[in-house]
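So the chains spell out like this:
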Amino acid sequence: MCGIVGFVGRQGDALPFLFDGLKRLEYRGYDSAGIALAGQGGTVSVAKAQGKLAVLEGRLGTLPRAVPLGIGHTRWATHGRPTDVNAHPHTDCHGQIATVHNGIIENFQELRAELVAQGHRFVSETDSEVIPHLLEAYGGDRDLLGAVREAERRLRGAYAFLAIAASQPDRIVAVRRSSPLVIGLGDGVNYVASDVGAFLPQTRRALVLENGDVALVTPETVEIQTSEGTAVHRAPFTVDWDMRQAERGGYPHFMLKEIMEQPQVWSDCLLGRVRGDHIEAGELGLPWVQRKDVRRLQIVAAGTAYHAGLIGKALIERLARIPVDVAVASEFRYQHPVLEPGTLVVAISQSGETADTLASVSLARHLGAPTYAIVNAVGSTLARESDYVVYTHAGPEIAVASTKAYTTQILVLTMLALELAAERGRPRADLVRALWSLPALGEQVIASLASIVEMARRLAGERDVFYIGRGLDYALAMEGQLKIKEIAYIHAEAYPAGELKHGTLALIEEGTPVVAVVTDRAMAEKTLSNILEVKARGAEVWAVVDGALPHDWPVDHLIRLDLPDPLLSPVLTAIPLQLLAYWTAVHRGQDVDQPRNLAKSVTVE
Ligand code: AGP
C-alpha cells in the first residue's frame, strides 16, 4: 500500500530523510516511487520512477540539495498502471504545487472533467492527479491551507494526502480521511508519514491524525483543524518500540526471521494473560463482553486473518459451544448482514488498517453491534475505532506474507475460547496450563524441520498444488495454500479432504502434488483414507502429521511434529506450512518479502 513521507525544516536537507523514510516504508509494498522538493520560489522539483527505490535513487541527482521542504511517496497502483508518469508526487499545471496521496478519490472522474473544462492539463491516468489541480484552482499557490480546505469539501473517498507549494516553503499541509497519517515532532523540523517507522531514527515523539483532520505542519508548529475549520488538539505520545525490532536480524528475509521468532512472540502474547491454570479474563475484555450479553460471534477479517478466524470459530464452538460465523470482510460489508441482538462482531487484523475490515466494523457499529478487535498494530485505526481491542503483540511484521501475526491471532482466539468456555461452565484447565508449553514446543518444531528445505526444492518445480485437511487441519490447509500462492506464485487450492471425491479428484493424476495436514487425531483415519485415494491416482504427497499418530503414512515427503492436544496444535502446525512456502519461493528465486502485486497493508477496498 502507498507510503507517504514529508519533511519540513527551518534549514537542512529534506532529501536524505525522504529517501531513507521511503526505504523504511518499503515493507508496505509498492510498484513506483517519487520525491518532490520545494525551495524558495521557482517551481517544485520532482524525481520519480517505476520500480524499486534503487531506480529512483539513480534519478535523485536531478534534484537540488539543501532544500528543507519535501514530500515522498511509494505507490501501489490502483488507478492507472505502475509507470513513471503515474508515480507520485503529482503537480499542478505550473509546477507550483506538489502532492502525494494514499487511498482513492472516488469522484475523480467528475472532478477531472470539470478541471479539464477549466483548462487544466492532466498527464497521468491516476485519480490522485486531481488533487494538485484542484488546489491550483482554489489558489493554493497563494494560500495552500485555504485551498486544501476548499478542496476537502469536493473530494470524496478514503484517503490521506500531503501538499507543498513552491511559494510557501515553510509548510506541509496534511489531510487524513481514513488512510493513516502520523506526525513526527523534531527540533526545528517536523515529519509526516504513513507510519512512525519512517521517522523513528529522527524522533520518537509523534501524534496521530484522526479522520477528517487537516494539519498545517511547519518546522516549529503543528496546527490541526477539522475540515470545518475547528481547531483540535491531538495528544503527542512517545513511541516505545525499537526500529531494530523490525530489521532482519541476520536472516536473508524478513519472512524467515518472522517465522523463526514465533516462539518468542507467543510468549509476549501469553504474558500477563495466562497464569497457571487460569486466564486473566480482564486482559481479554471478557467482563466487557459479558455485560453485552453475547450469545453469538461474527468474525470479520481478510486473507490470513480470515484463516485465523476459521480456527477461532472451530475452537470457540468446540470449547465454549457458542455459535460463530466467519466472513470475509469485503463480502460482509455488502451482504446486508443480519446481526441479531447478542451478536459480538470480532474483527481480526495485523495492520488494523485493512479498508474492508474497517468498513465492516463501521457497519457493525452502525447496526448497533458491539465490536471487538484483535489487532497487531498499536494505535491503528481498527484499534481506535472498535469498542474493545486486544493486541496480539507480534511486533512489527514486515514481510508481506503474514506469519507471526497469524499465529498470535490464533493464540488470542484460543485464550478467548478457553475463557468463554470457563465462563459457561466448561473449564479446560489442562489446556490453559498447556498454553505456556507452546513457545518451547515451537522451538522444537523449528529445530526439527531442516529437511523441509529439500522437500521444498521438489515442490518448486510444480505449477499447481492441492492442500487437504479436515476440521482445524482444513483451516490450516487454507492458510498453507495462500502462503504458497502469494510468495512462490504457484497455483494452489485447499479442499476439505472429504470433499475431493465430489469433483476435484478428477484433477489428480501421475505426479500431482498434494500437501496433506493431519493433526486432528479424531479424524486422522479419515484423512489417511483420502491420502490413499490421491496416492492411488498417482499424486506425490507431502504430509504434515502429528508424530503421535500410530499410522504408517504412505507418502513421499513426511513431516512429523511433536504436538500437544489438537486444539492447541494449529500454531505449531502452521510453522512447517510457512516454511514449505518460504523455501519453495526461495528455490524459485522470488522476491519473498515483497511479492508482486501485493501490499502489506491493504487500505483500499
Ligand atoms: C497475508 O499473508 C496476506 N498478505 C494478507 O492476506 C493479509 O492477511 C490481509 O491483507 C489482511 O491484512 P490485515 O491482517 O492487516 O488486516
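Residues numbered from 1 in each chain as written. Predicted model: local features only at pLDDT ≥ 70, side-chain atom pairs only at ≥ 80, totals over all residues. Heavy atoms only, no water.

1. Topic: the site of the ligand
Close to the ligand lie 15 residues; Ser-349, Gln-350, Ser-351, Thr-354 and Glu-486 are nearest. Ser-351 is positioned with one of its side-chain polar atoms (N or O) 2.6 Å from an oxygen atom of the ligand. In isolation the ligand has 410 Å² of accessible area, and contact with the protein removes 90% of it. At the level of secondary structure, the elements contributing two or more residues to the shell around the ligand comprise helix 9 (303–320) and helix 17 (472–488). Classifying every residue of the shell around the ligand by side-chain character gives six nonpolar, seven polar and two charged. (Near = heavy atom within 4 Å. Polar contact = N/O pair within 3.5 Å; in protein donor to acceptor, adjacent residues only side chain to side chain. Areas by Shrake-Rupley, 256 points an atom, 1.4 Å probe, with all protein chains shown as cover. Helix = DSSP H or I, 4+ residues; strand = E, 2+ residues; numbered from the N terminus. Nonpolar A, V, L, I, M, F, W, Y, C, P; charged D, E, K, R; others polar.)

2. Quick notes on the sheet that holds strand 22 (residues 388–391)
An order of 19-18-20-21-22 is seen for the five strands of this open sheet, with the pairing classed as parallel. Two strands bound the open sheet, and with one partner strand each, they are strand 19 (324–328) and strand 22. Averaged over neighbouring strand pairs, the angle between their axes works out to 20° when direction is ignored. Across the face of the sheet, helix 11 (residues 355–366) comes into contact with strand 18 (296–301), strand 20 (343–349) and strand 21 (371–375) while running at roughly 165° to strand 20. (Pairing = 2+ DSSP bridges. Axes fitted to C-alpha atoms, helices over the stretch in contact; angles between N-to-C directions. Contact = heavy atoms within 4.5 Å.)

3. Details of the nonpolar core
Within the largest apolar cluster, 129 residues are counted, with the highest numbers of intra-cluster contacts made by Ile-35, Leu-56, Tyr-372, Leu-435 and Tyr-467. Ranked by residue count, the leading element in this core is helix 13 (residues 404–423), at eleven residues. Setting aside residues no more than four positions away along its own chain, Tyr-372 makes contact with Leu-284, Trp-288, Val-289, Leu-344, Val-345, Val-346, Ala-347, Tyr-388, Val-390 and Leu-416. (Core = buried A, V, L, I, M, F, W, Y, C linked by side-chain atoms within 4.5 Å. Buried < 20%, exposed > 50% of the residue type's maximum accessible area, 1.4 Å probe, protein only.)

4. Thoughts on the side chain of Arg-75
Note on placement: Arg-75 falls in strand 4 (residues 69–75). With no salt bridge to any partner, buried Arg-75 finds its closest opposite charge in Asp-31, at an N-O distance of 4.4 Å. A polar side-chain atom of Arg-75 sits 2.9 Å from the main-chain carbonyl oxygen of Gly-80. Filtering out sequence-adjacent residues up to four positions away, Arg-75 remains in contact with Cys-2, Tyr-30, Asp-31, Ser-32, Gly-80, Arg-81, Pro-82, Thr-83, Asn-86, Ala-87, His-88 and Thr-126. (Lys, Arg positive; Asp, Glu negative; His and termini not counted. Salt bridge = Lys/Arg side-chain N within 4 Å of Asp/Glu carboxyl O.)

5. Describing the pattern of salt bridges
Under the counting rule described, the total for this entry stands at 33 salt bridges. In this structure, Arg-171 engages Asp-170 in a salt bridge whose closest nitrogen and oxygen atoms are separated by 3.0 Å. When its relative accessible area of 34% is taken as the criterion, Asp-170 is described as partly exposed. In this structure, Arg-521 engages Asp-546 in a salt bridge whose closest nitrogen and oxygen atoms are separated by 2.6 Å.

6. Points about helix 7 (residues 262–270)
For helix 7, a buried count of seven out of nine residues is recorded, marking the element as mostly surrounded by other parts of the structure. Taken residue by residue, helix 7 has Gln-262, Pro-263, Val-265, Trp-266, Ser-267, Cys-269 and Leu-270 as its buried positions. Here the buried face of helix 7 lies against helix 6 (254–260), strand 16 (274–275), helix 13, helix 14 (429–435), helix 15 (438–447) and helix 19 (570–587). In the stretch just after helix 7, Gly-272 is the one whose phi turns positive, near 80°.

7. Re the domain arrangement of the protein chain
Under the domain assignment used here, the protein chain contains domain 1 (2–241), domain 2 (253–436) and domain 3 (449–605). The distance between the C-alpha centroids of domain 2 and domain 3 comes to 24 Å. In this complex, domain 2 contributes 42 residues to the contact, which on the side of domain 3 involves 38 residues. On the domain 2 side of the contact with domain 3, His-253, Arg-318 and Val-400 bury the most area, a combined 19% of that side's loss. Of the charged contacts in the structure, one is a salt bridge between Asp-565 and Arg-428, with a shortest N-O distance of 3.8 Å. Linking domain 2 with domain 3 are 14 residue pairs in polar contact (both at pLDDT 80 or more). Contributing elements (two or more residues each) for the side of domain 2 that touches domain 3: helix 6, helix 7, helix 9, helix 11, helix 13 and helix 14. A total of ten residues in the side of domain 2 that touches domain 3 trace back to one element, the largest contributor, which is helix 9. Considered class by class, the residues forming the side of domain 2 that touches domain 3 number 24 nonpolar, twelve polar and six charged. (Domains from an automatic or database assignment. Buried area = accessible area lost by both parts, 1.4 Å probe.)

8. A word on the sheet that holds strand 13 (residues 222–226)
Sheet architecture is open: seven strands sit in the order 5-6-7-8-12-13-14, paired in antiparallel fashion. Only two strands of the sheet have a single neighbouring strand rather than two, namely strand 5 (90–91) and strand 14 (231–232). Bridge analysis of strand 8 (residues 172–177) against strand 12 (residues 213–217) gives five bridges, and the strand direction is antiparallel. Considered in strand 12, the bridge of Val-175 is made with Val-214. Packed on one face of the sheet, helix 4 (residues 130–137) meets strand 5, strand 6 (97–105) and strand 7 (157–165) and runs near 125° to strand 6.

9. Observations concerning the side chain of Arg-176
The residue Arg-176 is located in strand 8 in this model. Here Arg-176 is buried and forms no salt bridge, its nearest opposite-charge partner Glu-353 lying at an N-O distance of 4.4 Å.

10. As for helix 4
Counting buried positions over the eight residues of helix 4 gives seven, a clear majority of the element. Along helix 4, the residues that are buried comprise Val-130, Ile-131, Pro-132, His-133, Leu-134, Leu-135 and Glu-136. Its buried side turned inward, helix 4 meets strand 5, strand 6, helix 3 (108–117), helix 5 (144–154) and strand 7. Directly after helix 4, the chain includes Gly-139, whose backbone phi takes a positive value near 80°.

11. Digging into the pairing of strand 13
Here five bridges tie strand 12 to strand 13, and the two strands are oriented antiparallel to one another. Bridged to Asp-213 within strand 13 is Thr-226. Bridge analysis of strand 13 against strand 14 gives two bridges, and the strand direction is antiparallel. Across the sheet, residue Gln-225 finds its bridge partner in strand 14, namely Ala-231.

12. Quick word on the packing of aromatic side chains
Two numbers describe a pair of aromatic rings. These are the distance of the centres and the angle of the planes. Applying the stated criterion across every chain yields a total of ten aromatic pairs. Ring pairing ties together the aromatic residues Phe-7, Phe-17, Tyr-191 and Phe-199, which thus form one cluster. One Lys or Arg, Lys-52, reaches over the ring of Tyr-30 and ends 5.0 Å from the middle of that ring. Its guanidinium or amino end placed over the ring of Tyr-489, Arg-596 lies 3.8 Å from that ring's centre, counting from NZ or CZ. (Phe/Tyr/Trp six-rings, centres within 6.5 Å; stacked < 30°, edge-to-face > 60°. Lys NZ or Arg CZ within 6 Å of the ring centre and 35° of its normal.)

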